[in-house]
Amino acid sequence: MYHKSPAYKAFYLFNAILIGVLSLLCVLPLIHILAVSFSGKAAATANLVGLWPVDFNTEAYRKTFGNDNFLTSIGVSAKRVFFGTVLGMCITLITAYPLSKGSETFRGRDGYMWFLLITMLFSGGLVPMYVLMSELGLLGSFWSLILPGLVAVFNIVLLMNFFRNVPKELEESAFLDGAGYSAALFHIFLPISMPAIATLSLFNIVGHWNSWFDGMIYMNESSQWPLATLLQAILVQVDFTKLSASPSDLANLSDRTVKASQIFIGSLPVLAVYPFLQKYFVKGIVLGAVKE
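Residues numbered from 1 in each chain as written. Predicted model: local features only at pLDDT ≥ 70, side-chain atom pairs only at ≥ 80, totals over all residues. Heavy atoms only, no water.

Colleague: Go over the pattern of salt bridges with me, naming the residues and quoting the values.
Modeller: The tally for this structure, following the rule as stated, stands at four salt bridges. The salt bridge partner of arginine 62 is glutamate 59, with a shortest N-O separation of 2.6 Å. Of this pair, arginine 62 and glutamate 59 both sit in helix H3 (residues 59-65), separated by three residues, roughly a single helical turn. A salt bridge links lysine 101 to glutamate 171, with the shortest nitrogen-to-oxygen separation between them at 2.5 Å. A residue pair is termed long-range when its members are at least 10 positions apart, and lysine 101 in the loop between helix H4 (68-99) and helix H5 (109-121) and glutamate 171 in helix H8 (residues 168-176) qualify at 70 residues. Of the two residues examined, lysine 101 and glutamate 171, each falls in the buried class. (Salt bridge = Lys/Arg side-chain N within 4 Å of Asp/Glu carboxyl O. Helix = DSSP H or I, 4+ residues; strand = E, 2+ residues; numbered from the N terminus. Buried < 20%, exposed > 50% of the residue type's maximum accessible area, 1.4 Å probe, protein only.)

Colleague: Quick one: what's the story with unusual backbone geometry, residue by residue and with numbers?
Modeller: Glycine aside, residues mostly have negative phi, and peptide bonds are mostly found in the trans state. Non-glycine residue aspartate 55 carries a positive phi angle of around 55 degrees. Relative to the helices and strands, aspartate 55 is located in the loop between helix H2 (41-45) and H3.

Colleague: Kindly report on helix H9 (residues 181-192), identifying the contributing residues and their values.
Modeller: Over its twelve residues, H9 extends 16 Å from the first C-alpha to the last, a length consistent with the 16 Å expected when each residue adds 1.5 Å. Along H9, the residues classified as buried are Ala184, Leu185 and Phe189. On an axial view of H9, the arc spanned by its buried residues comes to 100 degrees, and they lie on one face. Every exposed residue of H9 that faces more than 90 degrees away from the buried side is listed here: Ser182 and His187. Considering only its buried residues, H9 is in contact with H4, helix H7 (153-164) and H8. (Expected span 1.5 Å × (residues − 1). Arc of directions from axis to C-beta. Contact = heavy atoms within 4.5 Å.)

Colleague: Help me get a handle on the confidence of the model for the chain, residues and values and all.
Modeller: Summing up the model confidence of the chain, the mean pLDDT is 82 and the portion of residues at 70 or higher is 87%. Within the chain, the element-level pLDDT minimum falls on helix H13 (residues 247-252), averaging 54, and the maximum on H4, averaging 91. (pLDDT = per-residue confidence, 0-100.)

Colleague: Which residues make up the environment of serine 100, and what are the values?
Modeller: Tracing the backbone shows serine 100 in the loop between H4 and H5. Residue class for serine 100 comes out buried when judged on its relative accessible area of 11%. Between the alpha carbons of serine 100 and leucine 159 there is a distance of 8.7 Å; along the sequence they are 59 residues apart. If near-sequence neighbours (up to four positions away) are discounted, serine 100 is found in contact with Met160, Phe163 and Arg164. Engagement of the side chain of serine 100 in a polar contact is seen with the backbone oxygen of tyrosine 97, the distance being 2.5 Å. (Polar contact = N/O pair within 3.5 Å; in protein donor to acceptor, adjacent residues only side chain to side chain.)

Colleague: Which residues make up the packing of H4 against H5, and what are the values?
Modeller: For the pair H4 and H5, the least separation of the axes is 10 Å and the interaxial angle reads 135 degrees. In terms of orientation, H4 lies oblique with respect to H5. Contact residues: Thr95, Pro98 and Leu99 in H4; Arg109, Tyr112, Met113 and Leu116 in H5. Residue composition of the contact of H4 with H5, by class: five nonpolar, one polar and one charged. (Axes fitted to C-alpha atoms, helices over the stretch in contact; angles between N-to-C directions. Parallel < 35°, antiparallel > 145°, perpendicular 65-115°, else oblique. Nonpolar A, V, L, I, M, F, W, Y, C, P; charged D, E, K, R; others polar.)

Encoded structure:
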């Protein structure tokens, strides 16, 4: 009876309208960018494009995908996302599991925990990090994009709290059957931790895909840049030399259409991956954020 009351129906309708409006506010800018990217130079320059292309053409995309640097940067970003996410999640798993135990089980646990937490509050800084990469011979190496952020303390703490909420009886039953800690991790904790792992994997994917500054300072050549770094050079610095476009091409291209196409292409992979992980997102955050 409560759910059928007029007050509840009015409240439900208000929430539906509010969520619909907020959803439109998130989607409409992306639709506008897509429309601008497919519009002609005159309409885009005069800011006449709304939610539908004006003087439809694909010149911006043709030049974008015809650029070898752009295609190479997509490959670098895809490689970075794959190795960064896989290695980062492996480090997170094998670090969060022992830290989820008490001091009576894992001696020195508090010392390791404080050491990791201090790294969240204090950083060596940009110059020491650059000197370290240089001394290790990693400047210009693909691994300079992966190794500095491999140990994500925030993700470790989140997964650690998730593991601490797993019933201890599950692990104890595995021990009674002769399993060790490694078997308990991979056969007990890992399968039931998929919501948290999916959430943290999404964090890693988005972080690696959108990171541009490290590529700019660690990579010597623009051909080694990930996509985010290349987009920063084209969109922010407006450096069309990285687009490999001729003067005649630039005469037919608007910087707005090129920027719009680059922004849409750069956001498309994350938009494609997110729907498959979204169902785990809220559940993983809630379960991993509660500490006993």
